Structure formats: structure tokens, C-alpha cells
Amino acid sequence: MAAAVFALGVAAPARSEEAPSEIKLDYAYYSPESLVIKKFGWLEEEFKPDGITVKWVLSQGSNRALEYLNSGSSDFASTSGISALVSRANGQPVKTVYIFNTQEASTLLVAKDSTITSVPELKGKKVAATKGTDPFFFLLRALNAHGLNKNDVQIVHLQHPEGRTALERGDVDAWAGLDPFIAATELEAGSKTIYRNPAFSSYGFLNTTDTFIAKYPQHLQRVLNVYERARLWILAHPDEAIAIVAEASKQSEPVIRQQFTRANFTKAIPDEQHLGTLKATAPLLLQEEIVRKGTDLDKYIAELVDDRFARVAVETQAKAKGQ
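Residues numbered from 1 in each chain as written. Predicted model: local features only at pLDDT ≥ 70, side-chain atom pairs only at ≥ 80, totals over all residues. Heavy atoms only, no water.

Peer 1: How should I be thinking about the sheet that holds strand S9 (residues 192-195) in this particular structure?
Peer 2: Pairing between sheet strands relies on hydrogen bonds along the backbone, with the strands arranged either parallel or antiparallel. Taking strand neighbours across the sheet as the criterion, the 5 strands line up as S7-S6-S8-S5-S9 in an open arrangement whose pairing is mixed. Only two strands of the sheet have a single partner each, and these edge strands are strand S7 (154-157) and S9. Strand-to-strand twist of the sheet, defined as the mean angle between neighbouring strand axes without regard to direction, takes the value 35°. Looking at chain direction, strand S5 (residues 108-110) and strand S8 (residues 174-176) are connected through 2 bridges and run antiparallel. In the strand pairing of S8, leucine 108 is matched with alanine 176. With respect to the sheet, helix H7 (residues 134-145) is in contact with S5, strand S6 (126-129), S7, S8 and S9, its orientation differing from that of S7 by roughly 175°. (Pairing = 2+ DSSP bridges. Helix = DSSP H or I, 4+ residues; strand = E, 2+ residues; numbered from the N terminus. Axes fitted to C-alpha atoms, helices over the stretch in contact; angles between N-to-C directions. Contact = heavy atoms within 4.5 Å.)

Peer 1: Got a minute to help me understand helix H6 (residues 81-89) in this structure?
Peer 2: The periodicity of an α-helix, 3.6 residues per turn, causes residues three or four positions apart to be oriented the same way. Burial of H6 is extensive: 9 of the 9 residues sit out of reach of the surface. Within the span of H6, buried status applies to Gly81, Ile82, Ser83, Ala84, Leu85, Val86, Ser87, Arg88 and Ala89. Directly after H6, the chain includes glycine 91, whose backbone phi takes a positive value near 100°. (Buried < 20%, exposed > 50% of the residue type's maximum accessible area, 1.4 Å probe, protein only.)

Peer 1: So what exactly am I meant to see when it comes to the pattern of salt bridges here?
Peer 2: Note that side chains of opposite charge can pair when their charged atoms are close. Under the counting rule described, the total for this entry stands at 20 salt bridges. Glutamate 45 is paired through a salt bridge with arginine 229; the nearest N and O atoms lie 3.8 Å apart. Placement of glutamate 45 in helix H4 (residues 42-47) and of arginine 229 in helix H11 (residues 217-236) is noted, with a sequence separation of 184 residues between them. Ionic pairing is found between aspartate 306 and arginine 308, a salt bridge with its closest N-O pair at 2.7 Å. (Salt bridge = Lys/Arg side-chain N within 4 Å of Asp/Glu carboxyl O.)

Encoded structure:
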């Protein structure tokens, strides 16, 4: 491992001084890798010989994940790419180190009996979304693509589970949803998707901080090696992975199977596909004043990603499997 870290051009920290006593991670129903790792205790197993404890905190969305990261409650945050970028642009030391899912993250849904069939019909209507998450930015892009903006609808800021409930109760006219709650309302309440566009997703970014990278590069590498182990395990055992996500999220296996139809676990290293969606969304962030006027988003996109550790994790697991 030390050799791998030095290969990255990162100086190995003095173990007695720099090893953390605890590593704090989030887990999320939209991050199957985190649920697999937690279920099997792989990180506890990895760090037990060092006397390092592992603490898990549940993230219900990108906004909560980033709150935990920026407050120090967690060392890692599972978020959408666009949420990570906005946080970085707003002065937080967020750094993307791994891709846990290149998924279609959001769709726009209406209730079973709704007569709304298109985005333009949402003008003047109530739309639930979780501010600062991929579905929120998906909603903004969908409106923009149809000649509307956030002021043309009444955005009701609710966390993802509450957004689903509000839709089904008729408290809102539409909902920018997130799996597994999209799949659940589709199968269990007959909710209908009126707009989908996978190109508007910004995917699942695993983030840490500049400080954690600088202080604990070896430990970061070991965390990502375990994430890569989980990613490959999911690809090899999809049925078992679905069962684990269903158990953790308290959703049925058919719901999680539906969720997995929109998931893509084939990429772990951040690449131009992931950065491209950030670049495409950047003008809208400025237009809608999500970031400060005049913010150089190209600069923050360039700063956001550090793919060195993901590359080593992929190589390490490939060698371990004899590939």
C-alpha cells in the first residue's frame, strides 16, 4: 500500500502521528456500494488491526451528506456531481475521489390520476424537490429546456421521502424524485413519469475533503479499495445486492430491482462523461443564481476531482482478481 501511495506522488504520513482514531462515512440508499460495505463490515475488518474505528451516518440526500462532510460529522459524502460542485464553488473544501454510480438519478413524476403530461404544464404548479440535490438541479434543467425557470413554478423544498408522500397525497402537483423512492411510488402508487432525461443527471460522486487527502492519503486509498471491492461485487452479484439495498432501505425487492434498471456500476474513475454534465449545467447555476454572480465555475470543475486514488483502487482490485 505504501508503494501505491508513493506511486501517486503523495508522501506517506507518519503512522503514529497521522493515523486517524476514527473514520466516519455516510451510507445512503442511493449508494448501493455503501450499503454492501456496511452490511459485510469490510471497512471495520480493514481498519481493525490499526485500532481505527469506523462510524456510519445515514445521508438522505446530497444536501445532508454535504452538511455532514462540511461540519466534520463525516469524512466522506455520497452526493450528486452538481451538488459537490456547488459546495466547492461556495467555499467548501469538497474533493471528488470516486464514482459510485453513473445512474439516471432523477425523473419528474405526477400522481396516478394527474392530467399533467408535460413539463410546460407545470407552470404555476407546485413541484416538490430537495434543494441542493441532483433532482433539484434536474428540475431546473428540465424547466430551462422547456423555456421556463424556477420562478415559473412553486418549488416546495422537501426531503426525498417527504416529496414522495406529498405527491401521493396530492399536496404537490409534481415531484422531482430520487430512487429508490421513484421506483417505490411507480410500483406502489402508480405515479407516472412525465419527463426523463439521463443526460441531465450528474451521477453519484463520492467525496472527501482537501484536508483528509492531505493528512490521510494511505487511509483514503484503503477506503477506496474497499469501495472498489464492493462495486465489483455488485456487478457479480446483482440479486444479492438488490436484497441488501431492499433490507437497508425497507423497500421491497421489486422496487430495488426497478431502481437498478436506472443504475450503472461500470465506471469508478471520474472522467469526461461526469465532468461534461457539470460543464453543461454551469451556465444554469449562474443564471438561476445558485452560485454567486461571476463565479468561475470552470475553475471549480477543474479543482473538484482528484482521480488518482480511484485509479489505484481499480488497478489494485483488478490485480487481486488476476485480471
